[in-house]
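Examination of the molecular architecture
These are the residues of each chain, in order.
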Amino acid sequence: MRINFIVNGGSVEIDADPARPLLDVLRVDLSLTGTKQGCDHEGECGACTVLLDGQPVRSCLTPVGKAQGRRVETVEGLAGPDGLHPLQSAFIETGAVQCGYCTPGMLMAAKGLLDRTPAPTHEQVVDALDGNLCRCTGYKKIAEAVDLAARRLRGETAEISRGGEPVGGSELRSDSTPKVTGAAKYVEDMTMPDMLVGRVLRSPHHHARILSLDTQKARGLPGVVAVLTADDVPGALYFEDYSLEEPVLPQVGETVRMVGAPVALVVAETREAAYAALDAIEVGYEPLPHTFDTDEALATGAPRIAGNGNVLTRFELKRGDLTAAFDRADAIVEGEYRLAFLEHSALEREALLGYYDEAGRLTVVGGCHEPFYQQGYIAECLGLPREQVRVIMPPTGGSFGGKQDPWPFLATALMTRHVAAAGHTGTAVMLAYSRQESFAATPKRHPYVVRNRIGATRDGALTAIRVRIDANTGAYDSHGQYIPEYAVTASGGPYRWDAVDAYAQTVYTNGPKAGQYRGFGTAQACFATECALDELCEKLGADPLEFRLRSALREGEASFLGYPVAESLGFAEVLEALRPAYEAMLERSRESRAGHIGRGVGLAAMWYRFGKSGSLRVEAHAELARDGHFIIYCTAADYGQGTNTTMAQMAAEALSIGRERIEVVNADTARAPDSGIQGASRATYFVGGAVTAAARNLAIETLGMAAELLDRAPQTLRFEDERVTAPDGVSIALAEVAAEFDRVGKSRRVRGAFDLSGQFPEATRPTYAPLFVTGAHLAEVEVDLRTGETRVLRMAAAHDVGRAVNRRDAEGQIEGAVLMGVGAALMEEVLPGHTTGFADYYLPTIKSMPQIEVFLVEKAGRYGPMGVKGLGEAAMLPATPAIINAVSRAIGPAGGRRIRTAPATPERILRAVRGEAL
Amino acid sequence: MTQYLYPRTPEEAVAALVEAQGRAIIIAGGTDVLPDMEKGKWRPDRLVDITRIPELGQVEAGGGWVTVGAAVPFAALREHPLIAERVHALADAAASVGARAIQTGATWAGNLVQAMPAADGAVIAVALDAEARILDASGAAWQRVADLYLGPGRSKIDPTGQLLTHIRFPLPSEAWGTAWRRAGRRPSLILPTLNCAATVALREDRIAAATIAMGPVGPCPVRAGDAELFLRGQLPSPEVMAEAAQLALCQAQPRSSALRASREYRMAVLPVLVREALTEAAQRAGCPPQS
Ligand code: FES
Ligand code: FES
């Protein structure tokens, strides 16, 4: 049917099935890929919001027939000839854009509001944005942006403070502009000629043995290019440093251990053909008994899943005389804590594009943490030399650890290679997960069962902790093998203990595989310890803040791990930073205790070891480009947290130039150096250190060369715009300096390294370098004692960041983590066999946003560049226990029991209020 | 390829359905139709879009009734001055559906035809004693909304042959109030764990009539008839409201759901919601607040 409508002011006529979602027509037929899809067209995410005759609508639920003769506005139409729309600039300036995947929908929802309500109240802003999910920002800066834009649109001059210097201020993100205009190309927005569709056949069983696998019929279907099974994997099937006993694809006779486990891959010319092929693959399964519960998996007679008696790995740490230390305690608490499977829920689902690049390299473009690791895995799996594989990091719509799994990369690479080997004309393969697939098949956060016992003396000194942790790794390892050590380390926290006895193990079940998730196994352990500490405070009648201060680890003091924190330790400062907010919260909650409403204030703290175990030497490159600008080459994957900007800022500071002169080539294995293992909030510290060093080295080389050309002393020269200038005003263009490098045959590209291997020699250091950061959160909550419904009213978060490279980004990271903490505390839970997607996995919307206050404690670090320390993941840890402690304190006066399970759903809270078991 | 029609009158819409002999369905906002088509619940050849029929886009009051056209989206409903000022429960129920960008499309009528037991629009309609005007080849007739349910997700209205053109409900002239309560695992963008609507009409400080509708506590929205009967003639005291809430509970048969809440939780919370809704409705009817 012919459909005419106006898009962003211009009329279009298309020929399309009018029942197709407007979203698909915009993205596919009109190539307006700014509008996003995040929830399988279920109306559950808001990423697809556009305006139809000025009204915000979900374009995924709107048949394009409805657009007939009407006006559609998308993000691409926001900017005018004179530049960005005030909403767009406000989003950039306030830091409301992180990964940017929710941004187009947010912008359009906000525009719909401001067009009809120029002076909205905060409630109206919340109402307009409610239901548009954002996983990165915590919504605070988005609401601020809308308010700022509204004021400007009304003609007020509204400014927000902005730091001037490259580091330490609140520099604007370098890559935000394309994200607010819709120009940024995420993988799903990319097209290539003859692009093929990749799909995955997944097991429908929680646990089954594959008895037969017949792909004959599927291969013969029209439009089907390839059907791949384990037999088609040319190289390695297993990657044991990543995941023991998890094959890329299962062989006949092997088991598949969770719903969603991959069985076969399909490449087809169309989506329809791909689905037909999936249906035509014949698999014989023998269903096996299953369990989702670690207690059951460890019991005698449990179904055999994997590992040794279903145990993957163990870790134990004992220090001091436990019995004596408990004997000394005046109060002891003992508890059992339980946490659920969580899904990262990055707004962009897994999406990857495979093709052969111009140099003939098998290339996979996809969001990940470690392009060089993915490159290595792919090479091994395909039996190719590394150099023939390339991995490129595109703009990525969030990860939080979820995109660290190599599986989608291996699948895409396999499909791409087979298509090429088969001589098919199609050269590119797109593998895009549905949201349902993302829920079923990607790693989750490990549920824990923590049984602990903690003692303290009457005057508030901690004496002993005994902890036993069963971490549920689900069906597969996917890095669960490293979890027990992290769990134990986090359990003790930044406190002084006389004795510690900690043991953790990862246990296989048939739940979804658990893996990397913001905090990597530390948040759950921290939760149990911090809740137990709060119980201990209640028992002793101690103030939770003073109590923690009393046992706070001081600088230079050996921790329960047996050695001191090597970095500067600002834990006491963190706690002190919260004191005024804490007192205000206590005051308010005392004032306002009405009949059926319970109010409570909760505190929780943490330490987080950043930097991981990888090499302590990291490299980056800096180059003087031929035209005289500077290029930084590094690998610090940016999935929305802003490393592209951070690296540019750090280079700018090292070179003493403006950031606009710097280009960052980040996370492309063919262009940038391997900057080592990623994650564990390592980027700013390690990679930033290498970038700083490279930039400094380049400054020396460049000024040296200019000095020769100008015949001045190099130390007197400085960069000024596109030139190098001497104090007497003589100057030379950087392009000319670059030409001189070429003329004399000297490389314009130099290396820089950040290297702590001298400080922490391999022979004497623990497996993981003793680099820790600390932080603490406060929560003020209100609980309806009759229904268990809970609102987090306020949160205050203090973190020792060493130095805030980008203040607004640091706040944004923390605010986002706080809201994730709200979700983990009260709502989010993947129930194996039940949860399918956003319709039944409850993420916090803007209506759940508390007032958030962030305190950045800047106790300068010793080794990191410019005094920075790691932050990103750490902010996740204290939010959940702070909220749960607040809830426990809110219901305590009404006779409620302590909450020891997260998420504390209204139902669980009501049970606790009634003194029932959860 | 699907055919997409914009009839200009309700009669034309029905004619377009009849002509397609079961291969056409009515579409208003489309927020349910599109996902249902994706799931295969409907496989129509023709979509009959009623949102451009002028007479279906109105909210009107007259003769003691409020009449809402089938094409009025929830967003317009909740903002309509008459609804926002006089029928709070309906405005609040409309605001509970999904999110604003869904409310701009989704309609009350569509919500009723969808016939889900917890549909906010259905529960409020049943509390308001609403009626639906059903038009088909044989003509038009008003039917009580409460009588339209065959079971969860199954309505007597057949969108492949019938058009719900209007919803109407009586608007008592004065001393009447309504209230809406809802519980869920997050504040919005979620199907309710429980929802309930209450209306209270007062005469000389006593309850002349009250209605209570609840969901999802049965296969379709449930009226708490015993509680309503009990309330008639009572003074709206806290004790009376509490007792009415207990009576309402006796008529509820909620089920356990792993993803939302157990039956026990729903039983525990339902009386709280009913009592609050009744109390607030009575206050809006003019009863002074009592603690
Ligand atoms: S894609 Fe439309 S709401 Fe998620
Ligand atoms: S910035 Fe909102 S989802 Fe990433």
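Going along each chain's sequence as written, the residues are numbered from 1 onward. Here the convention is simple: chains get letters from A, ligands get numbers from 1, in the order in which they are written. Note on the predicted model: pLDDT of at least 70 is required for a residue's local features to be given, and 80 or more for side-chain atom pairs to be given and counted; whole-chain, interface and lining totals, by contrast, use all residues. Each side-chain value is worked out from all heavy atoms of the structure, with water and hydrogens disregarded.

Secondary structure is summarised from DSSP: a helix means a run of H or I of at least four residues, a strand means a run of E of at least two, and numbering begins at the N terminus for each. Across its full length, chain A holds 23 helices and 32 strands. Considering only C-alpha atoms, chain A reaches an extent of 80 × 75 × 65 Å along its principal axes. Here, residues are in contact when the closest pair of their heavy atoms is within 4.5 Å. Long-range contacts, defined as pairs at least 24 residues apart, comprise 78% of the intrachain contacts of chain A with a sequence gap of at least 6. None of His or the chain ends enter the tally, which takes Lys and Arg as positive and Asp and Glu as negative. Charge positions are represented by NZ for Lys, CZ for Arg, CG for Asp and CD for Glu. Distance between charge centres in chain A, computed from 94 positive and 116 negative side chains, equals 3 Å.

A word on the domain arrangement of chain A. By a widespread convention, an interface's size corresponds to the accessible area lost as its parts come together. Residues and elements named next belong to chain A. When cut into domains, chain A gives domain 1 (1-185), domain 2 (191-288 + 347-398 + 406-441), domain 3 (448-612 + 764-913) and domain 4 (617-755). Either an automatic procedure or a domain database provided the assignment from which the domain bounds are taken. Centre-to-centre separation of domain 1 and domain 4, based on C-alpha positions: 35 Å. The partner domain 4 presents 13 residues to the nine residues of domain 1 that form the contact. The quantity reported as buried area is the accessible area (1.4 Å probe) lost by two parts once they are put together, taken as the sum for both. Summing both sides of the interface, domain 1 and domain 4 together bury roughly 860 Å²; the carbon and sulfur share of this comes to 44%. Counted as a polar contact is a pair of N or O atoms within 3.5 Å, where, for protein atoms, one must be capable of donating a hydrogen and the other of accepting one, and residues adjacent in sequence contribute only when both atoms are in side chains. Linking domain 1 with domain 4 are one residue pair in polar contact (both at pLDDT 80 or more), by the criterion used here. Among the residues making up the side of domain 1 that touches domain 4, the classes are represented as four nonpolar, two polar and three charged. Three categories are distinguished: nonpolar for Ala, Val, Leu, Ile, Met, Phe, Trp, Tyr, Cys and Pro, charged for Asp, Glu, Lys and Arg, and polar for the others, with Gly belonging to the last.

With that settled, the discussion passes to the pattern of salt bridges. All names here are of chain A. The term salt bridge refers to a pairing of a side-chain nitrogen on Lys or Arg with a carboxyl oxygen on Asp or Glu at a separation within 4 Å. Here the structure, examined in full by the defined rule, presents 97 salt bridges over all chains. Between aspartate 29 and arginine 20 there is a salt bridge whose closest N-O contact spans 2.8 Å. Classification of residues uses two cut-offs on accessible area relative to the type maximum, computed with a 1.4 Å probe and protein chains only: under 20% is buried, over 50% is exposed, and between them is partly exposed. Relative accessible area serves as the criterion here: at 33%, aspartate 29 is assigned to the partly exposed category. Arginine 154 is the partner of glutamate 156 in a salt bridge, and the nearest nitrogen-oxygen pair spans 3.3 Å. Here arginine 154 falls in the partly exposed class, since its relative accessible area comes to 36%.

What follows is about the packing of helix H14 (residues 483-492) of chain A against helix H15 (residues 522-540) of chain A. Residue and element names in this part refer to chain A. Each axis is a line fitted through C-alpha atoms, taken for helices only over the stretch in contact, and angles between the N-to-C directions span 0 to 180 degrees. One can describe the packing of H14 onto H15 by two numbers: an axis separation of 8 Å at closest approach and a directional angle of 35 degrees. In this structure, H14 meets H15 at a crossing whose hand is right-handed. Contacts between H14 and H15 pair Tyr486, Ala487, Ala490 and Ser491 from the former with Thr522, Ala525, Cys526 and Thr529 from the latter. Crossing chirality is assigned from the near helix's rotation relative to the far helix, an anticlockwise turn below a right angle marking it left-handed and a clockwise turn marking it right-handed.

So, about the sheet that holds strand S31 (residues 851-857) of chain A. All names here are of chain A. Read from one edge of the open sheet, four strands run S21-S29-S30-S31, paired in mixed fashion. Sheet topology places strand S21 (597-609) and S31 at the edges, where each strand pairs with a single neighbour. Sheet twist, expressed as the average angle between the axes of neighbouring strands with direction ignored, equals 15 degrees. Two strands are counted as paired when DSSP detects at least two bridges linking them. Bridge analysis of strand S30 (residues 790-800) against S31 gives seven bridges, and the strand direction is parallel. Residue pairing for S31: alanine 797 is matched across the bridge by valine 854.

Okay, the environment of B:Ala70 next. All names here are of chain B. With respect to the helices and strands, the residue alanine 70 is situated in the loop between strand S5 (65-69) and helix H3 (74-79). In the structure, alanine 70 is positioned 94 residues away from leucine 164 in sequence and 6.5 Å away in space, judged by C-alpha atoms. What alanine 70 contacts, discounting residues up to four positions off in sequence, is Ala28, Ile50, Leu56, Thr107, Ala109, Leu164, Thr165 and His166.

Residues and elements named next belong to chain A. As for its placement among the helices and strands, arginine 661 is situated in the loop between helix H18 (643-655) and strand S24 (662-666). What makes arginine 661 buried here is its relative accessible area of 13%. From its side chain, arginine 661 meets the backbone oxygen of aspartate 721 in a polar contact 3.3 Å long. With sequence-adjacent residues up to four places away left out, arginine 661 is seen in contact with Gly628, His629, Phe630, Asp721, Glu722 and Leu734.

This brings us to the interface of chain A and chain B. Taken together, the 53 residues of chain A in the interface contact 44 residues of chain B. Taking both partners together, chain A and chain B bury about 3800 Å²; carbon and sulfur atoms supply 56% of that area. At the boundary of chain A with chain B, the tally comes to five salt bridges. Between B:Glu276 and A:Arg786 there is a salt bridge, with the nearest N and O atoms lying 2.3 Å from each other. Those elements giving two or more residues to the side of chain A that touches chain B turn out to be strand S4 (55-58), helix H4 (122-129) and helix H23 (906-913) of chain A. The residue makeup of the side of chain A that touches chain B, split by class, is 22 nonpolar, 14 polar and 17 charged.

For the rest of this paragraph, the subject is the nonpolar core. Buried Ala, Val, Leu, Ile, Met, Phe, Trp, Tyr and Cys residues that are joined via side-chain atoms within 4.5 Å together make up what is termed a nonpolar core. By size, the foremost hydrophobic cluster in this structure holds 224 residues, and its most contacted members are A:Phe91 and A:Ile883. A per-element tally of this core places helix H19 (residues 683-710) of chain A first, with 15 residues. With residues up to four places along the chain from it excluded, the contact list for A:Ile883 reads A:Ala779, A:Val781, A:Val792, A:Met795, A:Gly821, A:Val822, A:Ala825 and A:Leu826. Ranked by size, the runner-up nonpolar core spans 64 residues in total, among them B:Val48, B:Val68, B:Leu164 and B:Trp180.

For the rest of this paragraph, the subject is the domain arrangement of chain B. Residues and elements named next belong to chain B. Considered domain by domain, chain B is made up of domain 1 (3-170) and domain 2 (175-285). Domain 1 and domain 2 are separated by 24 Å when their C-alpha centres are compared. In this assembly, 23 residues from domain 1 lie in contact with 22 residues from domain 2. Interface of domain 1 and domain 2: buried area, both sides summed, is about 1900 Å²; carbon and sulfur atoms make up 65% of it. Our count for the domain 1 to domain 2 interface comes out at two salt bridges. In this structure, aspartate 129 engages arginine 223 in a salt bridge whose closest nitrogen and oxygen atoms are separated by 2.7 Å. Remark: the boundary between domain 1 and domain 2 carries eleven residue pairs in polar contact (both at pLDDT 80 or more). Among the secondary structure elements, those contributing two or more residues to the side of domain 1 that touches domain 2 are helix H5 (88-96), helix H8 (120-127) and strand S8 (149-151).

In regions of low pLDDT, the predicted coordinates are not meant to be interpreted in detail. pLDDT expresses, on a scale from 0 to 100, how confident the predictor is about each individual residue. Scored by pLDDT, chain B comes out at a mean of 95, with 99% of its residues at no less than 70. Overall fold confidence for the complex sits at a pTM of 0.97, while the interface term, ipTM, reaches 0.97.

The next subject is unusual backbone geometry. Residue A:Pro903 is bonded to the preceding A:Ala902 through a cis peptide linkage, with omega at 0 degrees. Its place among the elements puts A:Pro903 in the loop between strand S32 (901-902) and H23. Of note, the amide linkage connecting B:Gly215 to B:Pro216 takes the cis form, showing an omega dihedral of -20 degrees. Relative to the helices and strands, B:Pro216 resides in the loop between strand S13 (206-215) and strand S14 (222-223). Of note in the backbone geometry, A:Asp194 takes a positive phi value of approximately 55 degrees without being a glycine. Judged by its relative accessible area of 49%, A:Asp194 falls in the partly exposed class. The backbone of B:Gln21 shows a phi angle near 50 degrees, a positive value even though the residue is not glycine. Structurally, B:Gln21 can be placed in the loop between helix H1 (10-20) and strand S2 (24-27). You can call B:Gln21 exposed: its relative accessible area is 70%.

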